[in-house]
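# Descriptive analysis of the structure
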Amino acid sequence: MPSLTFVLPHWLYWLGLILFPVIAIFLVGRRGRASETPGVSAGIAYMLLISGGFIGLHRFYLRSAWGLIFIPLFLVILLANMQDRDARNIISSARNDVTVAEFKVERYAKAAEAAPSEALTRRIETSRQDLVAARQAFAQGEADYRWWHNVALISGVLILLLVALDAVLLPGMVRRCAAREPPAQDYASDREMYEGGEPRIPGVDMPSPFADRVDRLSTIIGEFVAWWAVLAVFAYYYEVIARYVFNSPTNWVHESMFLMFGMQYLLSGAFALREGSHVRVDVLYNYLPLRSRAVMDVVTSVFFFIFTGTLLCTGWIFFHDAFEVREVSFTEWGIQYWPVKFALPLGAALILLQGLADLIRNIALLRRGEA
């Protein structure tokens with residue numbers, strides 16, 4: 001199979017982190033507002049055709065047994081690529097052996113011209129035999145390489161032709177599958193129920209315009225960065241296909257994803273705080289009455305604000321230093337580091353705002369004087 005030389009441009013990486021969640025949220029919102037959700041979706045079928053059509057995922061999604069025809073072709077490609085890799089190693093080794101043998105034949109021949117001897121004659125003969133064997137191994141390696149390369153290429157072309165044919169037939173397959181399948185349950189009512197929201201402090205409804213806006217901001221940011229996990233699926237999917245099908249491992253997938261996960265961890269901290277998902281020692285806390293819990297939250301918030309304030313200040317210093325020198329990674333990809341480090345003060349600011357919103361609600365609860 002041909003090699004893949006695609007390297008993700010830096011601008012596309014940052015643009016994808018911004019646009020993909022926006023588009024995904026818009027599409028999910030439209031689907032949630034639909035009055036009826038069909039049992040099968042043409043959009044999902046086309047997505048599976050593009051991403052996993054080489055193994056027939058779109059056919060399996062549409063309950064078509066013809067998807068099984070893709071799997072043997074794909075296995076042939078994997079086998080051919082393994083043999084192709086072995087043949088290239090043999091060619092490389094044989095090429096070195098040919099070079100060494102030619103050098104020895106030439107050196108011993110010159111030495112024999114200057115001072116003939118029986119030992120030099122034997123060495124020349126041995127080197128010539130090694131040269132013949134190395135050339136035969138080189139020729140055999142090239143023949144094996146061409147054979148397996150053509151096998152992989154033919155299998156890949158067949159898969160592409162089948163995928164192209166299914167791209168034309170897909171609307172009809174979706175209609176036939178939808179006619180056989182009952183419509184899926186409509187979750188619109190459930191979505192509306194959950195979107196109604198609940199009081200931030202269980203059992204107590206105390207409206208606070210500032211705290212409510214902070215809650216909404218934390219929810220928006222949390223949902224936004226949650227979609228980055230889907231990007232990771234596509235990125236690692238591409239890495240696996242590029243590495244094991246095209247013998248072309250990338251130099252950007254792993255780095256781009258662990259940087260993205262680091263930013264996701266920082267930016268989702270406020271949403272985790274809003275949902276009470278951070279680790280806390282609650283052996284006694286959960287058994288306390290609501291007012292006592294509010295008192296404990298107010299007292300311990302001092303340590304919270306010390307930590308988040310320190311994170312905000314030091315994070316800003318890290319970001320400012322990286323921005324001043326336009327810091328990039330030391331890897332071959334060379335991605336910019338200052339946007340990544342900007343997630344430090346931004347995430348700290350969001351957590352600080354959410355902690356302030358929780359503090360306002362706890363103080364309001366204590367001022368009401370109700371248990």
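Shown above is the structure to which this text applies.
For the structure given in this document, a descriptive report is provided here. Everything numeric here is computed off the predicted structure, so don't read it as measured data.

What counts, and where the lines are drawn
- Residues numbered from 1 in each chain as written.
- Predicted model: local features only at pLDDT ≥ 70, side-chain atom pairs only at ≥ 80, totals over all residues.
- Heavy atoms only, no water.
- Helix = DSSP H or I, 4+ residues; strand = E, 2+ residues; numbered from the N terminus.
- Buried < 20%, exposed > 50% of the residue type's maximum accessible area, 1.4 Å probe, protein only.
- Contact = heavy atoms within 4.5 Å.
- Areas by Shrake-Rupley, 256 points an atom, 1.4 Å probe, with all protein chains shown as cover.
- Salt bridge = Lys/Arg side-chain N within 4 Å of Asp/Glu carboxyl O.
- 1 Å grid on protein atoms, 1.4 Å probe; cavity = no way out; pocket = protein on both sides within 12 Å on 5 of 7 lines; lining within 4 Å.
- Points joined across faces, edges and corners; volume = space filled by probe spheres on them.
- Nonpolar A, V, L, I, M, F, W, Y, C, P; charged D, E, K, R; others polar.
- Patch = residues over 30% accessible without salt bridge, like charges linked within 9 Å, V, L, I, M, F, W, Y side chains within 5 Å.
- Axes fitted to C-alpha atoms, helices over the stretch in contact; angles between N-to-C directions.
- Parallel < 35°, antiparallel > 145°, perpendicular 65-115°, else oblique.
- Left-handed = near helix turned anticlockwise from the far one by under 90°.

Tallying secondary structure elements over the protein chain gives 12 helices and zero strands in all. Reading the protein chain from its N terminus to its C terminus gives the helix and strand order α-α-α-α-α-α-α-α-α-α-α-α. Expressed as a percentage of the 371 residues in the protein chain, the buried residues total 34%. In the protein chain, the share of contacts with a sequence separation of at least 24, taken over all contacts with a separation of at least 6, comes to 77%. Taken as a whole, the protein chain presents about 22800 Å² of accessible surface, with 67% of it coming from carbon and sulfur.

Our focus in this paragraph is the environment of Ala364. Among the secondary structure elements, Ala364 is positioned in helix α12 (residues 338-368). What makes Ala364 partly exposed here is its relative accessible area of 29%. It is 9.5 Å that separates the C-alpha atoms of Ala364 and Ala294, two residues lying 70 residues apart in sequence.

Backbone geometry places Arg63, a non-glycine residue, at a positive phi of 60 degrees. Its location among the elements puts Arg63 in the loop between α3 (57-61) and α4 (70-114). Residue Arg63 is classed as partly exposed on the basis of its relative accessible area of 48%. One non-glycine residue, Arg326, lies in positive phi territory at about 50 degrees.

Scanning all chains against the criterion turns up 11 salt bridges. Residue Arg274 pairs with Asp215 through a salt bridge whose shortest N-O separation is 4.0 Å. Pair noted here: Arg274 is in helix α10 (residues 269-274) and Asp215 is in helix α7 (residues 209-226), with a separation of 59 residues, a long-range link. For Asp215, a relative accessible area of 6% gives the class buried. Between Glu275 and Arg274 there is a salt bridge, with the nearest N and O atoms lying 2.3 Å from each other.

There is about 850 Å³ of room inside the second largest pocket. Taken together, 34 residues form the lining of the second largest pocket, with Ile50, Ser51, Phe234, Tyr237 and Tyr238 sitting closest to its centre. For the lining of the second largest pocket, the secondary-structure elements that each account for two or more residues are α1 (10-33), α2 (42-52), α4, α5 (118-180), α8 (228-244) and α9 (253-267). Sort the elements by how many residues they give to the lining of the second largest pocket and α1 lands first, with seven residues. Of the residues assigned to the lining of the second largest pocket, the class counts are 29 nonpolar, five polar and no charged.

Relative to the assigned elements, Gly172 resides in helix α5. Sequence separation between Gly172 and Ala42 is 130 residues; the distance between their C-alpha atoms is 9.8 Å.

Side chains of Phe6, Trp11, Leu12, Leu15, Ile18, Leu19, Ile23, Phe26 and Leu27 sit close together on the surface and give an oily, nonpolar patch of about 890 Å² of accessible area. For Leu19, the position within the fold is in helix α1. Take Leu19: its relative accessible area is 40%, and that puts it in the partly exposed class.

Attention shifts here to the packing of α2 against α5. Their axes nearest at 10 Å, the elements α2 and α5 cross at an angle of 165 degrees. In terms of orientation, α2 and α5 fall into the roughly antiparallel class. Note that α2 runs across α5; the crossing there is right-handed. Here α2 contributes Ala42, Ala45, Tyr46 and Leu49 to the contact with α5, which in turn contributes Val163, Asp166, Ala167, Leu170, Pro171 and Val174. Residues that form the contact of α2 with α5 fall into these classes: nine nonpolar, no polar and one charged.

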